[in-house]
Each structure stands twice: as C-alpha cells, then as structure tokens.
Amino acid sequence: MNQTSHTTHDSAEDERNRDIRIYVNGDIVHRDAAKVSVYDSGFMLGDGMWEGMRLHNGKWAFFDEHMDRFFASCKAVSIDVGMDRVGILDALTRTAAANDMTHDVHCRLMLTRGVKVKPFQHPSLSRSGPTLVIIMEHSRPVTELQSRGIRLATVPQVRGLPMSQDAKFNSHSKLNCVIACLQAEQAGADEALMLDPHGFVNTTNACNFFIVRKGEVWTSTGDYCMNGVTRAKVIELCRENDIPVREKNFSLYEAYGADEAFLTGTFGAQTPVAEIDGKSIGDGSCTITRRIRALYKNLLEANTRSGL
Ligand SMILES: Cc1ncc(COP(=O)(O)O)c(C=O)c1O
C-alpha cells in the first residue's frame with residue numbers, strides 16, 4: 001500500500017488490541033494462541049461465511065439483520081452453523097466479556113465448513129463440524145475521512161452474475177474484491193469502484209455505493225452487490241424522511257457528475273467520496289450525506305438502546 005493511501009476501514013491505533021482474546025470453537029484465548037488448522041476449509045479454499053458487526057452501548061447493532069444474512073448465507077452453501085442465533089449471541093457475549101468490551105468495538109464473526117480430512121476441495125471432506133472464530137477489536141473509525149473523503153478508481157474487475165459467485169455471499173473468499181482493490185491501488189486510489197457486467201456503476205470492493213444528484217439519492221439496483229445492512233438502513237431512512245431515493249442503473253457519466261457520493265458499511269457508516277478516477281465529486285459540502293449520517297447515528301443509538 002502506498003504511503004498516502006487510506007481505506008474505509010481506517011481506525012485509530014489502540015494498544016489494547018495487542019492483548020485481545022479471541023473465540024475459537026468455544027475456547028477464548030489470547031490472540032497469539034488463537035489458531036485454526038492448515039486443513040481448515042476457510043484457509044484452504046475460502047469456504048466459509050462471515051459478518052462484520054459493531055458493539056455499541058453494550059449492544060450488537062442491527063443484530064437480527066446480521067443474523068438473517070449470516071444464516072441465509074450458510075444455508076445457501078449447506079454449512080451447518082451448529083447453533084441458533086441465541087447460541088451465536090452467547091458466543092459474542094462471552095467474547096465481549098472476556099475482553100471487557102462494550103463500545104466502539106468491531107467484530108469479525110467467521111464460520112467455515114471446518115477441518116478437512118484431506119487437502120482437497122470436496123465439501124464432504126470436512127467431517128468434524130464447522131469452525132467458529134470471533135475476533136473483536138477496539139475500533140474507532142478515524143474522523144479525518146469524513147472531511148477528506150475517499151478516492152475511488154474504476155477498475156477492470158467487475159461484480160459477476162449471481163450464477164457464478166453471487167455477490168450477496170459474504171464469503172471468506174474475497175478474491176474478486178481483493179483483485180479490484182489492488183487494481184485501484186495501482187491506479188493511485190484508495191479503493192475500487194466496481195461496475196456490473198453491463199457497465200453500470202455497482203459497488204466498491206468493501207462497501208456499498210451511493211450518489212446524490214439534484215437532491216435525489218441513487219444506488220445500484222442491488223442485483224450485483226452485497227445486500228449491505230447499512231445500505232438497507234440508508235434506503236429506509238431516506239424513505240421515512242422524505243429524501244427521494246432510487247435503486248436504479250446509472251453509469252459513470254452520472255457518477256462523475258454527481259453532487260455528492262458516499263459509501264456505506266457497518267464499520268464506517270457513511271463515508272464521503274472525494275473523487276472518482278481523479279475527478280472531484282461535487283463541491284465538497286456533502287449536505288445530504290451529512291443529513292443521512294445524522295439520521296443513521298440516531299437510528300443506531302435507538303437500535304442499541306432498545307436492546308435485542
Ligand atoms: C463487498 C461488501 N460490500 C458492502 C459491505 C457492507 O455491508 P454492511 O453494511 O452489512 O456492513 C460489505 C461488508 O461486509 C462488503 O464486504
């Protein structure tokens with residue numbers, strides 16, 4: 001990564017993360033002792049699903065929505081989670097307690113098909129049950145990105161059709177996104193703006209993508225991107241607050257000429273986009289982005305106050 005590059009996941013350094021405890025299949029151990037087998041299907045093939053979640057005010061933000069996606073993804077690829085969402089919540093609660101964490105915490109909940117008996121692809125070779133790992137880190141997004149904005153580059157790597165690897169899978173294998181991110185970095189940008197197979201603007205390598213034009217908020221149809229929890233919340237908030245919002249096809253022509261553009265994701269909520277392919281977006285005032293960010297902040301507070 002070049003010296004000046006930023007990511008939507010930039011967070012303030014926190015010394016405490018050197019000594020966090022990690023959940024591995026029921027055990028909670030120091031990060032240096034947290035290990036999975038080299039025969040694990042996640043390591044060998046990227047055969048697993050994950051969720052990025054935030055602990056806020058002692059509660060898991062939008063827990064039900066994350067669990068809906070997680071369980072649907074595991075079901076779609078026949079990974080037996082081995083517990084219900086109450087069991088997952090219990091594992092999360094135990095890990096948070098072991099780390100004395102309640103707020104400004106980011107969690108990566110990962111489930112793979114488990115350890116294989118031989119180093120080959122066939123799913124039936126994973127016979128001893130899934131591997132569940134929970135990493136929680138103290139994590140506060142850097143505020144600088146809110147004023148500076150992220151720089152995107154359009155890349156050759158596209159979001160594929162659902163019959164190859166459906167972009168809705170939050171799978172361990174993120175090679176499509178990693179290749180896109182590399183291409184963006186090589187073009188001198190922070191992250192990648194990815195098109196769909198028809199050339200319409202779709203999403204970024206790690207977040208969902210929105211533009212604002214003449215007071216209207218636009219995002220892609222959703223056919224080729226991650227069904228982001230934050231994306232759905234932003235669309236809902238716009239509808240509830242009389243901000244016109246459309247899920248539609250649009251091209252780079254409309255993205256370059258937008259008044260504002262922003263990304264959404266659990267980690268950074270809404271992150272303004274400063275430029276796309278070296279062209280600056282709007283005048284930097286980000287009026288609607290800031291309004292949506294404030295509405296989302298209120299929603300997050302309400303969601304984590306009301307409990308699970
Ligand atoms: C490719 C991609 N797009 C978008 C998102 C944002 O989703 P969410 O808002 O649920 O965090 C993610 C998060 O994992 C992602 O990996």
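Now for a description of the structure that goes with this document. All values derive from a computational prediction rather than experimental measurement.

Scoring rules and cut-offs
Residues numbered from 1 in each chain as written. Predicted model: local features only at pLDDT ≥ 70, side-chain atom pairs only at ≥ 80, totals over all residues. Heavy atoms only, no water. Buried < 20%, exposed > 50% of the residue type's maximum accessible area, 1.4 Å probe, protein only. Helix = DSSP H or I, 4+ residues; strand = E, 2+ residues; numbered from the N terminus. Pairing = 2+ DSSP bridges. Expected span 1.5 Å × (residues − 1). Core = buried A, V, L, I, M, F, W, Y, C linked by side-chain atoms within 4.5 Å. Contact = heavy atoms within 4.5 Å. Near = heavy atom within 4 Å. Polar contact = N/O pair within 3.5 Å; in protein donor to acceptor, adjacent residues only side chain to side chain. Areas by Shrake-Rupley, 256 points an atom, 1.4 Å probe, with all protein chains shown as cover. Nonpolar A, V, L, I, M, F, W, Y, C, P; charged D, E, K, R; others polar. Salt bridge = Lys/Arg side-chain N within 4 Å of Asp/Glu carboxyl O. Disulfide = S-S within 2.5 Å. Phe/Tyr/Trp six-rings, centres within 6.5 Å; stacked < 30°, edge-to-face > 60°. Lys NZ or Arg CZ within 6 Å of the ring centre and 35° of its normal.

Turning to the pairing of strand S13 (residues 260-265), a few remarks are in order. With 6 of 6 residues buried, S13 is to be regarded as a mostly interior element. Here S13 shows a buried face lined by Glu260, Phe262 and Thr264 and a second buried face lined by Ala261, Leu263 and Gly265. As paired strands, strand S10 (residues 208-213) and S13 are joined by 5 bridges and run antiparallel to one another. Each bridged residue has a counterpart across the sheet, and for Phe209 the counterpart in S13 is Leu263. Across 4 bridges, S13 lies against strand S14 (residues 269-276) in antiparallel orientation. Paired with Leu263 across the strands is Thr271, a residue of S14. Linking two consecutive strands that pair antiparallel, namely S13 and S14, is a turn of 3 residues.

A few words on helix H6 (residues 229-240). What sets the pattern is the α-helix's 3.6 residues per turn: residues three or four places apart point alike. Across its 12 residues, H6 extends 17 Å between first and last C-alpha, which sits within 8% of the 16 Å expected from 1.5 Å per residue. Inspection of H6 places Val229, Thr230, Arg231, Lys233, Val234, Ile235, Leu237 and Cys238 among the buried residues, and these make up the whole buried set. Phi for Asp242, located one or two positions after H6, is positive at around 55°.

Counting residues in hydrophobic clusters, the biggest one holds 29 residues, and the most contacted among them are Trp60, Phe70, Ile88, Leu92, Leu109, Ile134 and Met136. Looking at this core, the elements that each hand over two or more residues are strand S1 (21-24), strand S3 (48-56), helix H2 (63-76), helix H3 (85-98), strand S5 (105-112) and strand S6 (131-138). Residue contacts for Leu92: discarding those within four places in its chain leaves Met53, Trp60, Phe63, Cys107, Leu109, Ile134 and Met136.

This part covers the site of the ligand. Every one of the 15 residues lining the ligand counts as a neighbour, but Arg69, Lys174, Val229, Thr230 and Thr266 are closest to it. Between the ligand and Arg69, the relevant distance is 2.9 Å, taken from an oxygen atom to a side-chain nitrogen or oxygen of the residue. A distance of 3.2 Å is found between an oxygen atom of the ligand and a side-chain nitrogen or oxygen belonging to Lys174. Its free accessible area being 390 Å², the ligand has 95% of it covered by the protein chains. Tallied by class, the residues present in the shell around the ligand amount to 5 nonpolar, 7 polar and 3 charged.

What follows covers the environment of Pro197. In this structure, Pro197 sits in the loop between strand S8 (191-195) and strand S9 (201-204). For Pro197 and Asp166, which are 31 residues apart along the polypeptide, the C-alpha to C-alpha distance reads 13 Å. Non-local contacts of Pro197, meaning those with residues more than four positions away in its chain, are made with Arg159, Gly160, Leu161 and Tyr224.

On to H2, then. The end-to-end C-alpha distance of H2 is 20 Å, a good match for the 20 Å that 14 residues give at a rise of 1.5 Å each. Elements that come into contact with the buried residues of H2 comprise S3, strand S4 (59-60), H3, S5 and H6. Of the residues flanking the end of H2, it is Ser78, one or two places downstream, whose phi is positive at about 55°.

Next up on the list: the pattern of salt bridges. Applying the stated criterion across every chain yields a total of 14 salt bridges. Note that Arg85 and Asp64 form a salt bridge whose closest N and O atoms lie 3.8 Å from each other. In this pair, Arg85 sits in helix H3 while Asp64 sits in helix H2, placing the two residues 21 residues apart along the sequence. Note on Asp64: relative accessible area 43%, which makes it partly exposed.

Mapped onto the elements of the fold, Asn205 is located in the loop between S9 and S10. Exposure remark for Asn205: the relative accessible area of 11% places this residue in the buried category. A distance of 2.9 Å separates a polar atom in the side chain of Asn205 from the backbone nitrogen of Ala192. Residues contacting Asn205, with those up to four places away along its chain left out, are Arg159, Cys177, Ala180, Cys181, Glu191, Ala192 and Met194.

With that settled, the discussion passes to the environment of Asp47. Residue position: Asp47 is located in the loop between helix H1 (41-45) and S3. Classification of Asp47 as buried rests on a relative accessible area of 16%. Residues Asp47 and His172, spaced 125 residues apart in sequence, show a C-alpha to C-alpha distance of 6.1 Å. Separated by 2.6 Å, the side chains of Asp47 and Arg113 make a polar contact.

Bringing the state of the cysteines into the picture now. Across all of its chains, the model carries 0 disulfides by this definition. Cysteine Cys74 shares no disulfide, and the gap to the nearest cysteine sulfur, in Cys107, comes to 14 Å. Taking the relative accessible area as the measure of exposure, Cys74 reaches 0% and is therefore buried. For Cys225, which is in no disulfide, the shortest distance to another cysteine sulfur is to Cys177 and amounts to 11 Å.

So, about the packing of aromatic side chains. In this structure the tally under the stated criterion is 5 aromatic pairs. Pairing Phe70 with Phe71 gives two aromatic rings, centres 5.6 Å apart and planes at 85°, and the pair type is edge-to-face. Judged by relative accessible area, which is 0%, Phe70 ranks as buried. A ring pair is formed by Trp218 and Phe250, whose centres lie 6.0 Å apart and whose planes are at 55°; its orientation type is tilted. In this pair, Trp218 sits in strand S11 (residues 216-219) while Phe250 sits in the loop between strand S12 (245-247) and helix H7 (252-256), placing the two residues 32 residues apart along the sequence. Assigned by exposure class, Trp218 and Phe250 land together as buried. Among the aromatic residues, those joined into a ring-pair cluster are Phe209, Trp218 and Phe250. The ring of Trp50 has Arg108 lying over it, and the distance from NZ or CZ to the ring centre is 3.5 Å. When the ring centre of Trp218 is taken as reference, the NZ or CZ atom of Lys248 above it lies at 3.8 Å.

Don't take any of this as a statement about function, it's just geometry.
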